[in-house]
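# Observations on the three-dimensional arrangement
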Amino acid sequence: MENKYLDYERNFGEDTASFYNIKNYLLQDLESYGKSQIFKKKETLFSQGEIAESVFLLKKGRVKSTCINRTGEETLLRMHYSGGIIGLTAIRENSRRDATATVLMESEIIIIPRRKMIGAMEKDGRLGVWVSNIFLHRLCSFHYRFSQFLTCTVEQRLSHLLLTLCCYDSDNSFSLITDFSHEEFSQIVAARRQTVTMLLNRFSEAGYIELRRRQIHVKNHEALRKIAERTKICL
């Protein structure tokens, strides 16, 4: 399946073939600097507050990053997919983890010690530029999400999220979102779970989506796009 929208990890805003060729080369090169390890579902890569000593290259699988605030509430920050890099705070010396990374399915992960990661970046300037692009994308993503919280309704934020996360099948006949709970959706769009469930049910009744267990089929992308772009549409 192909994701046609900018998601939270797979796309860094570059759309040239040469960028992706360089990315694939760099990922293969990075593997030589670390040690491969298989992690099972629900295992923790690192926890918020720990000293950051390694960077993680997600070769295969899926990982989520979450943080817990002072009141104990957990927020989903990012989903990491195959080819993603996790724990970049380790690049800064004596830094601590600002989030917790949890494995969502059996995953193969390359563990790269901080000094080796920095050495690889010093050796190949393209890797340094690529990592900078990742930081820049995540900063832009944070700014965008923050602006959404200030200026968009929950309905608009949820519509954009559905478009962001959906993947198309081979003939573009439908798109599918998997492995997200209503609670995780609510964390991303900063809303109560009950509100998210109510809106998903409204979208389903209107024929925009089809709800299944841990799956959402997006059936009317244009309707969701109009909502996300603040165009009036009747439900």
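Here the structure is shown first, and the text comes after it.
This report concerns the structure included in the present document.

Rules of the game
- Residues numbered from 1 in each chain as written.
- Predicted model: local features only at pLDDT ≥ 70, side-chain atom pairs only at ≥ 80, totals over all residues.
- Heavy atoms only, no water.
- Patch = residues over 30% accessible without salt bridge, like charges linked within 9 Å, V, L, I, M, F, W, Y side chains within 5 Å.
- Areas by Shrake-Rupley, 256 points an atom, 1.4 Å probe, with all protein chains shown as cover.
- Salt bridge = Lys/Arg side-chain N within 4 Å of Asp/Glu carboxyl O.
- Lys, Arg positive; Asp, Glu negative; His and termini not counted.
- Charge placed at Lys NZ, Arg CZ, Asp CG, Glu CD.
- Helix = DSSP H or I, 4+ residues; strand = E, 2+ residues; numbered from the N terminus.
- Buried < 20%, exposed > 50% of the residue type's maximum accessible area, 1.4 Å probe, protein only.
- Axes fitted to C-alpha atoms, helices over the stretch in contact; angles between N-to-C directions.
- Parallel < 35°, antiparallel > 145°, perpendicular 65-115°, else oblique.
- Left-handed = near helix turned anticlockwise from the far one by under 90°.
- Contact = heavy atoms within 4.5 Å.
- Nonpolar A, V, L, I, M, F, W, Y, C, P; charged D, E, K, R; others polar.
- Pairing = 2+ DSSP bridges.
- Arc of directions from axis to C-beta.
- Phe/Tyr/Trp six-rings, centres within 6.5 Å; stacked < 30°, edge-to-face > 60°.

### Description of a positive patch on the surface
A cluster of basic residues, Lys41, Lys42, Arg213 and Arg214, forms a positive patch on the protein surface. Counting through the fold element by element, Lys41 comes out in the loop between strand S1 (35–39) and strand S2 (44–46). Given a relative accessible area of 55%, Lys41 falls into the exposed group.

### Overview of the packing of helix H4 (residues 154–165) against helix H6 (residues 193–205)
Their axes nearest at 11 Å, the elements H4 and H6 cross at an angle of 65 degrees. Taken together, the axes of H4 and H6 are roughly perpendicular relative to one another. Our pair here, H4 against H6, has a crossing hand that is right-handed. Contacts from Val154, Glu155, Leu158, Ser159 and Leu162 of H4 reach H6 at Thr195, Val196, Leu199, Leu200, Arg202 and Phe203. Broken down by class, the residue content of the contact of H4 with H6 amounts to seven nonpolar, two polar and two charged.

### Notes on the sheet that holds S1
Taking strand neighbours across the sheet as the criterion, the four strands line up as S1-S8-S3-S6 in an open arrangement whose pairing is antiparallel. Edge positions in the sheet fall to S1 and strand S6 (85–86), since each of these pairs with one other strand and no more. Looking at chain direction, S1 and strand S8 (residues 107–113) are connected through five bridges and run antiparallel. Bridge assignment links Ile38 to a residue of S8, and that residue is Glu108.

### Looking at the sheet that holds strand S5 (residues 74–81)
Read from one edge to the other, the open sheet built from four strands follows the order S2-S7-S4-S5, with strand pairing classed as antiparallel. A strand with exactly one partner marks an edge of an open sheet, and here the two such strands are S2 and S5. Each neighbouring strand pair of the sheet contributes to a mean axis angle of 30 degrees, computed without reference to strand direction. The sheet contacts of helix H5 (residues 182–189) involve strand S4 (62–68) and S5, and relative to S5 the element is tilted by about 100 degrees.

### Points about the pattern of salt bridges
Inspection of every chain in the model, using the stated rule, returns six salt bridges. A salt bridge links Glu210 to Arg212; the shortest N-O distance between them is 3.2 Å. A relative accessible area of 30% means that Glu210 is categorised as partly exposed. On the basis of relative accessibility, which here comes to 44%, the residue Arg212 falls in the partly exposed class. Notably, a salt bridge pairs Arg225 with Glu222, separated by 2.6 Å at the nearest N-O pair. Of this pair, Arg225 and Glu222 are both found in helix H7 (residues 221–228), three residues apart, which corresponds to roughly one turn of the helix. Residue classification places Arg225 among the partly exposed residues on the basis of a relative accessible area of 24%.

### Considering helix H2 (residues 114–123)
Along H2, the residues that are buried comprise Arg114, Met117 and Ala120. End-on, the buried residues of H2 take up no more than an arc of 125 degrees, which puts them together on one face. Away from its buried face by more than 90 degrees, H2 exposes Arg115, Glu122 and Lys123.

### Looking at the packing of aromatic side chains
Summed over all chains, the structure comprises two aromatic pairs. Ring geometry for Phe46 versus Phe56: centroids 5.6 Å apart, planes at 35 degrees, classification tilted. In this pair, Phe46 sits in strand S2 while Phe56 sits in strand S3 (residues 54–60), placing the two residues 10 residues apart along the sequence. In this structure, Phe46 and Phe56 share a single accessibility class: buried. Aromatic side chains Phe203 and Tyr208 sit 6.2 Å apart centroid to centroid with 45 degrees between the ring planes, which places their arrangement in the tilted category.

### Structural notes on a nonpolar patch on the surface
Taken together, the side chains of Leu136, Leu139, Phe142, Phe146, Phe149 and Leu150 present a nonpolar region at the surface, about 620 Å² in accessible area. Inspection of the secondary structure assignment puts Leu136 in helix H3 (residues 125–151).

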